[in-house]
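One-letter residues, chain by chain:
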Amino acid sequence: MTDFLVIGGGIAGISAAARLSHLGKVVVLEAESALGYHASGRSAAMFEETYGSPSTVALNQASRAYLETANGGVLSPRGLMLIGNGQDMAEFSNDMKAMALEPMAKDEALAMVPILNSDAVTQVGYHADAFDIDTDLLIQNFAREVRANGGEVLTNQRVSKVLQVVDGWQVVVDQQDFKAKMLVNAAGAWVDQIAIMAGVAPLGVSPQRRSIARVPAPDGYDVRNWPLIFGPGEHWYAKPDAGKLLISPADEEVVEPHDAWPEDLMLATGIARYEAVMNHSVTRLESSWAGLRTFSPDRSLVIGPDPKVPSFLWVAGQGGYGFQTSPAASQLVSDLISGRASEMDNDAIRMLSPARFS
Ligand SMILES: Cc1cc2nc3c(=O)[nH]c(=O)nc-3n(C[C@H](O)[C@H](O)[C@H](O)COP(=O)(O)OP(=O)(O)OC[C@H]3O[C@@H](n4cnc5c(N)ncnc54)[C@H](O)[C@@H]3O)c2cc1C
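Quantities reported herein were computed from a predicted structural model and do not represent experimental measurements.

Evaluation of the coordinates by the stated rule reveals seven aromatic pairs. Between Trp236 and Tyr274 the ring centres are 6.2 Å apart and the planes differ by 80°, which places this aromatic pair in the edge-to-face class. In this pair, Trp236 sits in the loop between strand E14 (228-230) and strand E15 (237-241) while Tyr274 sits in helix H7 (residues 264-275), placing the two residues 38 residues apart along the sequence. The exposure class assigned to Trp236 is buried, which follows from its relative accessible area of 6%. For the ring pair Phe312 and Trp314, a centre distance of 5.3 Å and an interplane angle of 70° mean the geometry is edge-to-face. There is no split in this pair, since Phe312 and Trp314 are both buried. Following the ring pairs from residue to residue traces out a cluster consisting of Tyr51, Phe295 and Tyr321. The cationic tip of Arg42 hangs over the ring face of Tyr37; the distance from NZ or CZ to the ring centre is 5.2 Å. The positively charged end of Arg299 is found above the aromatic ring belonging to Phe295, 3.9 Å away from the centroid.

Moving on, we come to empty space enclosed by the protein. Overall, the coordinates contain one cavity of 30 Å³ or more when judged by the stated rule. The space that makes up the largest cavity amounts to roughly 40 Å³. For the largest cavity, the full set of lining residues is Ala12, Ser15, Ala16, Val315, Gln318, Gly322, Ser326, Ala329 and Ser330. If you list the elements that add at least two residues to the lining of the largest cavity, you get helix H1 (11-20) and helix H8 (326-338).

The subject of this paragraph is the layout of surface pockets. Put simply, the second largest pocket is a space of about 370 Å³. Lining the second largest pocket we find 20 residues, and of these Ser43, Ala45, Ile133, Thr135 and Asp241 sit closest to its centre. Listing elements by their share of the lining of the second largest pocket, those giving two or more residues are strand E8 (131-133), helix H5 (135-148) and E15. No other element matches E15, which puts three residues into the lining of the second largest pocket.

Axis separation between H1 and H5 bottoms out at 8 Å; the angle between their running directions is 35°. As for the relative orientation of H1 and H5, their crossing is left-handed in sense. Along the contact surface, H1 presents Ile11, Ile14, Ser15, Ala17, Ala18 and Arg19, while H5 presents Leu138, Ile139, Phe142, Ala143, Glu145 and Val146. Class assignment for the residues of the contact of H1 with H5 results in nine nonpolar, one polar and two charged.

A word on unusual backbone geometry. Phi angles above zero are rare outside glycine, and Asn71 is one such case at about 50°. Mapped onto the elements of the fold, Asn71 is located in the loop between helix H2 (54-69) and strand E4 (75-77). Even without a glycine there, the phi angle at Arg299 is positive, about 65°. Relative to the helices and strands, Arg299 is located in the loop between strand E18 (287-295) and strand E19 (302-305).

Below, the discussion takes up the sheet that holds E8. Strands sit in the order E3-E8-E4 across an open sheet of three strands; the sheet is antiparallel. Edge strands, defined here as strands with exactly one partner in the open sheet, are strand E3 (46-47) and E4. Pairing analysis gives two bridges linking E3 to E8, with the strands arranged antiparallel. Counted as the bridge partner of Phe47 is Phe131 from E8.

Right, let's talk about the side chain of Asn141 for a bit. Within the secondary structure layout, Asn141 lies in helix H5. Residue class for Asn141 comes out buried when judged on its relative accessible area of 7%. One polar contact links Asn141 to Arg144, side chain to side chain, over a distance of 2.5 Å. Not counting the four nearest positions on each side in its chain, Asn141 is found in contact with Asn71 and Val74.

Rules used in this analysis
- Residues numbered from 1 in each chain as written.
- Predicted model: local features only at pLDDT ≥ 70, side-chain atom pairs only at ≥ 80, totals over all residues.
- Heavy atoms only, no water.
- Phe/Tyr/Trp six-rings, centres within 6.5 Å; stacked < 30°, edge-to-face > 60°.
- Helix = DSSP H or I, 4+ residues; strand = E, 2+ residues; numbered from the N terminus.
- Buried < 20%, exposed > 50% of the residue type's maximum accessible area, 1.4 Å probe, protein only.
- Lys NZ or Arg CZ within 6 Å of the ring centre and 35° of its normal.
- 1 Å grid on protein atoms, 1.4 Å probe; cavity = no way out; pocket = protein on both sides within 12 Å on 5 of 7 lines; lining within 4 Å.
- Points joined across faces, edges and corners; volume = space filled by probe spheres on them.
- Axes fitted to C-alpha atoms, helices over the stretch in contact; angles between N-to-C directions.
- Left-handed = near helix turned anticlockwise from the far one by under 90°.
- Contact = heavy atoms within 4.5 Å.
- Nonpolar A, V, L, I, M, F, W, Y, C, P; charged D, E, K, R; others polar.
- Pairing = 2+ DSSP bridges.
- Polar contact = N/O pair within 3.5 Å; in protein donor to acceptor, adjacent residues only side chain to side chain.

Laid out in structure tokens, this is it:
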């Protein structure tokens, strides 16, 4: 009998498993052949402290020191630039305020990103306080912590049945059974499916597809130190990535849980929005992908024991914030189980609890 069975080997499951491995024996079950195959392998890998609902921002803030320092740190400077084109002034003002951006003179913005189309761009906001996350390293650091504490991380383990038994849970994978006192549901887009298998009421999460195109850098430019650049109201963004550019239409198409892929028209929409404010016409894609950002009904994370079945723990609804919130979210999971006082305040804990939906 294991203490904790964690279903899902994305950032949510592996970070929760790392924290829980200090409290008892942990086994992580991941359906795919590698950790981070789904949403966690497809993110834009940003840390932006102001991004998300108040409870998400509280998690971002509480995660920052860990991301900066633990195991040598996983953050590197990026910066964030908001580009207005005169047609979206209300959204521009909202984003300036919500993300605490400073107005930036056009000359200064052009010095930073020389391909900005100065005829199309009317206003710019910027702050340096946004970072790239080394997401692979973060996942591997958490996995190492699980193993160092005697836990197991098992791939190719698709859970097909979940039964509540007298002393906990029985989980079936192929012909093999696993038993545990507590079950941690960190199955990303599939969390409601796991809940239904377990006889627990689903939350009504909404997996939403987001697509990314990877394109060559504009000829003659070294883009590596450019900031993440985005349009008002989160309708597109572009981000340097190993000498190339990622361009996303920032889509949020509601879909069923699946192995997501991008549609050409959606990628073209993002590229057109980017080209409208840049002196760069994209002629070729190097690659593209899509991933599912899974939101709870109020778009905030869901962390804690199910109110009706307390041995069933939700670590769900990470939306577009799963990496930047993972240190504090996983610490909260462990604090709620161990009864240790949390660094998060009671309001935030209440806003994250699954009990808010019952
Ligand atoms: C395009 C894009 C950009 C993003 N940008 C950022 C960003 O800049 N910063 C940020 O912090 N976040 C970002 N995100 C969000 C972040 O990637 C997600 O919030 C996070 O990866 C979710 O992690 P997860 O572990 O919940 O889900 P997943 O990574 O999807 O993991 C869930 C796992 O559960 C497994 N599973 C499901 N069913 C079963 C079963 N029956 N048995 C066993 N295993 C099962 C799946 O195989 C999967 O591996 C972005 C996401 C996308 C798609």
